[in-house]
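The residues making up each chain are set out below.
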Amino acid sequence: MKKCDKLYTITEYGYIGIDNSVETYNTKYTSKQVCKEAYKEFEIFAKTDKGKDVLGFARNGLYLQAKNYVGTIQTVSGYTLEILPKIYNNDEEDDHSKAIFIKLLEILYKLPSYKHTGSANFSFDNKPLLEIFITMFLEEVGIIIKKGLKSDYISKEENEKFLKGKLLISEHLKENYIHKERIFVKYDEYSLNRVENKIIKTTLHYLLKVSRSFDNQRLIRQYFEHMYLVELSYSYDADFKRCNTNIRGMSIYKNALIWAKVFLKKETFTQFFGDTIAFAILYPMEKLFENYVEYYLKQKYKKCKNIQISTQVKKTFVKKLFELKPDFVIMKDNNNYIVADAKWKLVDDDKNLFSQSDFYQLFAYHKVFKPQDDNSQKLSLRLYYPMSDNFTKCIRYEYCDETKIIVIPVDMKDLINQT
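This is a predicted model, so every value here is computed, not measured.

This brings us to helix α9 (residues 254-264). It helps to recall that an α-helix has 3.6 residues per turn; residues three or four apart then point in one direction. The buried count for α9 comes to nine of eleven residues, which makes it a mostly enclosed element. Just downstream of α9, K266 is the residue with a positive phi angle, here 50 degrees.

In structure tokens, the structure reads:
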């Protein structure tokens, strides 16, 4: 390993450590040897309240082990740790895992399937996740600039030399007690300085300092020139609230603003900070998997008009003392038809394939969600797990009242072939 390495890529539950034995410590996961300075910075992060959810200590502190978060972490010294999803039977682990992660984000944010990620000329090999995210944002900005930046009437209050718009009497008396030649007025100016443009320019300004890719930096500077009349946003929390992509002509801004929130507000599921961390985009993998299963179910049943799919349906029982919230409830002809959970767990033990607690949840769902009408269809219970070496085919069980329990493997590599 070269001392100057700045980028380290591992999988979920993989390890980083200083000694060279870390890469062979547990071959089920991809692990990496890192330099002392990088390890120290990630170690400090792992000791923070948020960081301990991402990295844990292993082998008495000799290694740091990734947990269930996937994404990228960059330290103040420029070291980057990428944590990728652990994919079943993945011979080209880094490339496939990155491609799958990008597809999961596209589904999560309802983004288009980006042209560059499906191109034969595009390779994820040795391309940092952060630069891929930046490329996706720049692709959206390019669409906006090609179609033309949108202007709007911006309300301004200024102390002018002549009257235009509306005279603000109280402000005029306060500001111009001495300067009688001035007039304090309020007027509307047709300008590119709408909040959406300001946020995008601010994101470009931020990414110019973050990106290490020559191609991305070149595009950022190019787009920055296109927006030379636009001011930076100095209160983007407030500006994001004022954004409106639902009005005519503004839908082209929607995807760029989604990425702007990720970069500027670190708007994932959880925000991560630390003294040694400069930048972090991290997602809990179980949430991404759950989101994908929802997408999969909606695609499967989209042509069935009598099917409705609901997520996170709450039901209380035992005098409202307890609450059940299955991931999915599928209704057919207004009756509960399927109740399902998605579990991001690697099933790798053929003697004890599944978690007993997961099945206990299903039994509770059956009690609370089963149709009360004896003439209605039977309730089906389902569990979705990621495909693994010892779990490649559906497994069916019978529960009471001929209720079917189906455990279904989900091959995440199918995402790569989707357009």
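Now for the nonpolar core. Membership of the largest hydrophobic core comes to 71 residues, with the highest contact counts inside it found for F133, F137, I200, W259, F263, Y283 and M412. Considering each element in turn, this core owes the most residues, eleven residues, to helix α4 (residues 129-147). Each residue touching M412, except ones within four places of it in the same chain, is listed here: I87, I100, L104, M285, F289, Y292 and W344.

With that settled, consider the pattern of salt bridges. Enumeration according to the criterion identifies ten salt bridges in this entry. Taking the shortest distance from any N to any O, the salt bridge between K40 and E43 comes out at 3.7 Å. Separated by three residues within a single helix, K40 and E43 lie in helix α1 (residues 36-46), roughly one turn from each other. When the shortest N-O distance is used, the salt bridge between E82 and K98 registers 3.2 Å. Taken together, the residues E82 in strand β7 (residues 80-84) and K98 in helix α2 (residues 93-108) connect sequence positions 16 residues apart. Here the two residues E82 and K98 agree in accessibility, since each one is buried. One continuous salt-bridge network, built from bridges that share partners, spans D341, K343, K345 and D358.

Under the 1.5 Å per step criterion, the end-to-end length of helix α11 (residues 356-369) is 20 Å for 14 residues, consistent within 8% with the ideal 20 Å. Among the residues of α11, D358, F359, L362, Y365, H366, V368 and F369 are the ones counted as buried.

Strand pairing in a sheet is mediated by backbone hydrogen bonds. Such pairs are either parallel or antiparallel. The four strands are arranged β1-β7-β6-β11 in an open sheet whose pairing can be described as mixed. Looking at strand neighbours, the two that pair on one side only are β1 (7-11) and β11 (277-284), the edges of this open sheet. Between one strand axis and the next, the sheet turns through 10 degrees on average, direction left out of account. Pairing of strand β6 (residues 69-75) with β7, which is carried by four bridges, proceeds in the antiparallel orientation.

The next thing to look at is the sheet that holds strand β19 (residues 404-410). Overall, mixed pairing links the six strands, which are arranged β12-β15-β16-β17-β19-β18 in an open sheet. Every other strand in the sheet has two partners, leaving β12 (307-311) and β18 (395-398) as the edge strands with one partner each. Neighbouring strand axes in the sheet, compared pairwise and without regard to direction, differ in orientation by 20 degrees on average. Sitting on the sheet, helix α10 (residues 285-301) is in contact with β12, β15 (328-332), β16 (335-342), β17 (380-386) and β19, with an inclination near 125 degrees to β17. Sitting on the sheet, α11 is in contact with β15, β16, β17, β18 and β19, with an inclination near 150 degrees to β17.

A full pass over the atoms with the stated rule returns 21 aromatic pairs. A ring pair is formed by F289 and W344, whose centres lie 5.1 Å apart and whose planes are at 55 degrees; its orientation type is tilted. Pair noted here: F289 is in helix α10 and W344 is in the loop between β16 and α11, with a separation of 55 residues, a long-range link. Each member of the pair, F289 together with W344, is buried.

The rules behind the values
Residues numbered from 1 in each chain as written. Predicted model: local features only at pLDDT ≥ 70, side-chain atom pairs only at ≥ 80, totals over all residues. Heavy atoms only, no water. Buried < 20%, exposed > 50% of the residue type's maximum accessible area, 1.4 Å probe, protein only. Helix = DSSP H or I, 4+ residues; strand = E, 2+ residues; numbered from the N terminus. Core = buried A, V, L, I, M, F, W, Y, C linked by side-chain atoms within 4.5 Å. Contact = heavy atoms within 4.5 Å. Salt bridge = Lys/Arg side-chain N within 4 Å of Asp/Glu carboxyl O. Expected span 1.5 Å × (residues − 1). Pairing = 2+ DSSP bridges. Axes fitted to C-alpha atoms, helices over the stretch in contact; angles between N-to-C directions. Phe/Tyr/Trp six-rings, centres within 6.5 Å; stacked < 30°, edge-to-face > 60°.

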